[in-house]
Amino acid sequence: DSGVTQTPKHLITATGQRVTLRCSPRSGDLSVYWYQQSLDQGLQFLIQYYNGEERAKGNILERFSAQQFPDLHSELNLSSLELGDSALYFCASSPRPQQDTQYFGPGTRLTVL
Amino acid sequence: AQSVSQHNHHVILSEAASLELGCNYSYGGTVNLFWYVQYPGQHLQLLLKYFSGDPLVKGIKGFEAEFIKSKFSFNLRKPSVQWSDTAEYFCAVIGRMNYGGSQGNLIFGKGTKLSVKP
């Protein structure tokens, strides 16, 4: 157990819908990262937050957005869902951006039908 | 462009066989290197990491990796695999700042599936 928690574990929804994935970082970690894992693209970095502020953006679609709240938990919002958005979404955390070791949560498996 | 290449998509071994998984990276600067493991249905767990110093690093569960700077490689090894090592293994890199901190974000390889036959 890494100490990073994610909810829900599984999510099944329809195309065009909007979902929110939630992540709580390890105690003391200020930085949160979101990744998408799919069969064709592998593990792709989406976005990073540090202490409530967006720090870096990767291959994140405009239909996706995220935020980190004052209590440091983070939410990833996915809207206008398409079949191709079906994937495992992982959250990771680290103490600070400079601290390189990222600890991963169990992931949320999103299925878009 | 920055990238990580894992040469083997799927490796099948018998128990007690030795393992070596290849990882090469392309990055215009100094890097920190990682191997993560993902057991079936589970999240990514850190196996080992290299930041600086001795290029031979030891991780959990008997794994080790060697950083060869001239070859831009960070291959993972285990002398004798067990059935419980069946998992997917990911190599990852991140740029390193002069003070040791990170620059940019983790770039992952596509992963290597390891199947160990009992």
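Each remark here, short or long, concerns the structure printed above.
Rules used throughout
Residues numbered from 1 in each chain as written. Chains lettered and ligands numbered in written order. Predicted model: local features only at pLDDT ≥ 70, side-chain atom pairs only at ≥ 80, totals over all residues. Heavy atoms only, no water. Helix = DSSP H or I, 4+ residues; strand = E, 2+ residues; numbered from the N terminus. Rg over C-alpha atoms; globule rule 2.2 N^0.38 Å. Buried < 20%, exposed > 50% of the residue type's maximum accessible area, 1.4 Å probe, protein only. Contact = heavy atoms within 4.5 Å. Areas by Shrake-Rupley, 256 points an atom, 1.4 Å probe, with all protein chains shown as cover. Lys, Arg positive; Asp, Glu negative; His and termini not counted. Charge placed at Lys NZ, Arg CZ, Asp CG, Glu CD. Disulfide = S-S within 2.5 Å. Phe/Tyr/Trp six-rings, centres within 6.5 Å; stacked < 30°, edge-to-face > 60°. Buried area = accessible area lost by both parts, 1.4 Å probe. Salt bridge = Lys/Arg side-chain N within 4 Å of Asp/Glu carboxyl O. Polar contact = N/O pair within 3.5 Å; in protein donor to acceptor, adjacent residues only side chain to side chain. Nonpolar A, V, L, I, M, F, W, Y, C, P; charged D, E, K, R; others polar.

Caption draft 1: Structural detail: the overall build of chain A. From N to C terminus, chain A includes zero helices and eleven strands. Along chain A, from the amino end to the carboxyl end, the secondary structure elements read β-β-β-β-β-β-β-β-β-β-β. Whereas a compact globule of 113 residues would reach a radius of gyration of roughly 13 Å, chain A reaches 13 Å, a difference of no more than 12%. Based on the C-alpha atoms only, the size of chain A along its principal axes is roughly 35 × 30 × 25 Å. For chain A, the proportion of its 113 residues judged to be buried stands at 52%. Within chain A, contacts between residues at least 6 apart in sequence are counted, and of these 55% link residues at least 24 apart. Surface summary for chain A: the accessible area is close to 5,400 Å², and the carbon and sulfur share equals 45%. In chain A, 9 side chains carry a positive charge and 11 a negative one; their mean positions are 3 Å apart.

Caption draft 2: A look at the state of the cysteines. Residue and element names in this part refer to chain A. All told, the structure shown has two disulfides over all chains when counted by the stated rule. One disulfide in the model links Cys23 with Cys91; its S-S distance is 1.8 Å. Linking Cys23 and Cys91, the disulfide has an S-S dihedral of approximately -50 degrees and is accordingly described as left-handed. Of the two residues, Cys23 is situated in strand 3 (residues 19–24) and Cys91 in strand 9 (residues 87–94); the sequence distance between them amounts to 68 residues.

Caption draft 3: Representation of the packing of aromatic side chains within the structure. Considering all chains together, one arrives at 15 aromatic pairs over all chains under this definition. Consider the rings of Tyr35 of chain A and Phe108 of chain B, whose centres lie 5.6 Å apart with planes at 90 degrees: the pair is edge-to-face. Taken together, the residues span two chains, with Tyr35 of chain A in strand 4 (residues 31–38) and Phe108 of chain B in strand 11 (residues 102–108). The two residues Tyr35 of chain A and Phe108 of chain B agree in class, both being buried. By way of ring pairs, the aromatic residues Tyr35, Phe45, Phe90 and Phe104 of chain A together with Phe34, Tyr36, Phe51, Phe90 and Phe108 of chain B are connected into one cluster.

Caption draft 4: Up close: the interface of chain B and chain A. Each partner contributes residues to the interface: chain B has 19 residues there, and chain A has 21 residues. For the pairing of chain B and chain A, the buried interface totals around 1,600 Å² over both sides, and the portion due to carbon and sulfur atoms is 53%. Looking only at chain B, the three residues that lose the most surface to chain A are His43, Leu44 and Asn105 of chain B, adding up to 33% of its buried area. Along the contact surface separating chain B from chain A lie zero salt bridges. Joining chain B to chain A, the criterion identifies four residue pairs in polar contact (both at pLDDT 80 or more). Elements represented by at least two residues in the side of chain B that touches chain A include exactly strand 5 (31–38), strand 6 (44–50), strand 10 (87–96) and strand 11 of chain B. Taken together, the residues that form the side of chain B that touches chain A break down as ten nonpolar, seven polar and two charged.

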